[in-house]
Amino acid sequence: MKVLVTGGSRGIGKAVAELYRQNGYEVDAPARADLDLSDRESVSGFVETHKDRGYGIIINNAGCNFVNPLEDIKEEEIFGMINVNLLAPVFLLKGFIPAMKEKGFGRIVNIGSIWGVTAKPGRSIYGATKHGIHGITMGLAAELASCGILVNTVAPGQTRTLLTLRNNSAEDIKKMERDIPVGRLAQPEEIANAVFFLGSEKNTYITGQQLVVDGGLTIGNILSWIQLGLDAIA
């Protein structure tokens, strides 16, 4: 079976692509030169060129994130996040879903984020795009279930990727790990395992769901908010 993985050259996407290959799937993980998700014409061209590939599984993994308070985010960064994180996956799915319908089978996994579940300063637009991609998941799950196509979201927490290590100091990483109940960042392979199950024939009945893979971070946030409320009452 053929699989399309966007953003498959590094991090979570690379781990996802490698896991599918190890399990005998034929994987396309296009480089930016072949599929520029920020460019509407590039997305349209990719769909036109690959419409006969007959993808049975699509993993919308690629994304971008510019961290800043809303008033400091540049206009091009806003459009960049919306185009890459939300619109490009929509147009890819619009182009490739018809082939899934013809086969009567499909698995789609959209990669969300814990910042589409909870919130953190500087991530308002990024969080909005991740809320949006899960909205697409739920809508398509309802539309496509009768066609044998299951659609889900995986929302990763803090993950030990090169980008995370590059953008955070050793002390920053330690603080992240203290905030996570499990006590460490996720490995990309752990996120990939969740994606693989939902995006394979092993998943026969789960659709429209958002699976948060965060080591308990969002639960920890909820407990902190509860404690703040109790402290305020006291």
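Refer to the structure presented above.
Residues numbered from 1 in each chain as written. Predicted model: local features only at pLDDT ≥ 70, side-chain atom pairs only at ≥ 80, totals over all residues. Heavy atoms only, no water.

Asker: I tried to follow the environment of Gly132 on my own but got confused; where do I start?
Answerer: With respect to the helices and strands, Gly132 occurs in helix H4 (residues 124-144). Exposure remark for Gly132: the relative accessible area of 24% places this residue in the partly exposed category. Along the primary structure Gly132 and Gly116 are separated by 16 residues, whereas in three dimensions their C-alpha atoms are 8.3 Å apart. (Helix = DSSP H or I, 4+ residues; strand = E, 2+ residues; numbered from the N terminus. Buried < 20%, exposed > 50% of the residue type's maximum accessible area, 1.4 Å probe, protein only.)

Asker: What am I meant to see in the packing of helix H3 (residues 75-103) against H4 here?
Answerer: Each pair of packed helices can be described by the angle between their axes along with the distance between the axes. Where H3 meets H4, the axes come as close as 9 Å, and the angle between the chain directions of the two elements is 15°. Taken as axis vectors, H3 and H4 run roughly parallel relative to one another. Handedness of the H3/H4 crossing: right-handed. Contacts between H3 and H4 pair Ile78, Met81, Ile82, Asn85, Leu86, Pro89, Val90, Leu93, Ile97 and Lys101 from the former with Ile125, Tyr126, Thr129, Lys130, Gly132, Ile133, Ile136, Leu140 and Leu144 from the latter. (Axes fitted to C-alpha atoms, helices over the stretch in contact; angles between N-to-C directions. Parallel < 35°, antiparallel > 145°, perpendicular 65-115°, else oblique. Left-handed = near helix turned anticlockwise from the far one by under 90°. Contact = heavy atoms within 4.5 Å.)

Asker: It is not clear to me how the packing of aromatic side chains should be interpreted in this structure. Could you clarify?
Answerer: To describe a pair of aromatic rings, you give the distance between the ring centres and the angle between the ring planes. This structure, assessed with the given rule, holds five aromatic pairs. An aromatic cluster of at least three residues, connected via ring pairs, comprises Tyr20, Tyr25 and Phe196. Here the guanidinium or amino end of Arg40 rests over the ring plane of Phe91, the centre of that ring lying 3.5 Å away. Positioned over the ring face of Trp115 is Arg123, at 5.3 Å from the centre of the ring. (Phe/Tyr/Trp six-rings, centres within 6.5 Å; stacked < 30°, edge-to-face > 60°. Lys NZ or Arg CZ within 6 Å of the ring centre and 35° of its normal.)

Asker: What is the right way to read the sheet that holds strand E1 (residues 2-5) from this model?
Answerer: As a general point, the strands of a sheet are linked pairwise by backbone hydrogen bonds and lie either parallel or antiparallel. One open sheet holds the six strands; their spatial order is E2-E1-E3-E4-E5-E6, and the pairing between them is parallel. Edge positions in the open sheet fall to strand E2 (26-28) and strand E6 (210-213), since each of these has one partner strand only. Within the sheet, the average angular offset between the axes of one strand and its neighbour, ignoring direction, is 20°. Relative to strand E5 (residues 149-156), strand E4 (residues 106-111) runs parallel, the two sharing six bridges. Counted as the bridge partner of Ile111 is Val154 from E5. (Pairing = 2+ DSSP bridges.)

Asker: Just to check I follow, could you spell out the nonpolar core for this structure?
Answerer: Nonpolar side chains in soluble globular proteins generally cluster together in the buried interior. Core analysis: the largest hydrophobic core is formed by 34 residues, its most contacted members being Leu37, Phe46, Ile58, Leu92, Phe96, Ile108 and Val151. If you list the elements that add at least two residues to this core, you get helix H2 (40-50), H3, H4, E5 and helix H6 (170-179). Top element by residues in this core is H3. It accounts for eight residues. Discounting chain neighbours no more than four positions away, the residues touching Ile108 are Ile58, Leu93, Ile97, Met100, Ile149, Leu150, Val151 and Asn152. If you look at the next biggest cluster of nonpolar residues, it comprises 23 residues, including Val3, Ala15, Ile111 and Ala186. (Core = buried A, V, L, I, M, F, W, Y, C linked by side-chain atoms within 4.5 Å.)

Asker: Mind showing me how you'd approach the side chain of Asn152 here?
Answerer: Looking at the secondary structure, you find Asn152 in strand E5. Among the residues examined, Asn152 registers a relative accessible area of 0% and is labelled buried. Reaching out from Asn152, the side chain makes a polar contact with the backbone oxygen of Ile206 at a distance of 2.8 Å. The residues contacting Asn152, other than those within four sequence positions of it, are Ile108, Val109, Asn110, Thr137, Leu198, Asn203, Ile206, Thr207, Gly208 and Gln209. (Polar contact = N/O pair within 3.5 Å; in protein donor to acceptor, adjacent residues only side chain to side chain.)

Asker: It is not clear to me how H2 should be interpreted in this structure. Could you clarify?
Answerer: Residues that lie three or four places apart on an α-helix share one face, since the helix turns once every 3.6 residues. Burial in H2 covers these residues: Ser42, Val43, Phe46 and Val47. Buried residues of H2, viewed axially, fall in a sector of 135°; they line one side. The outward face of H2, more than 90 degrees from its buried face, is lined by the exposed residues Glu41 and Thr49. Summarising the contacts, the buried residues of H2 are in contact with E1 and H3. Measuring from the side-chain oxygen of the N-cap residue of H2 to the backbone nitrogen of Glu41 gives 2.9 Å; that N-cap residue is Asp39. (Arc of directions from axis to C-beta.)

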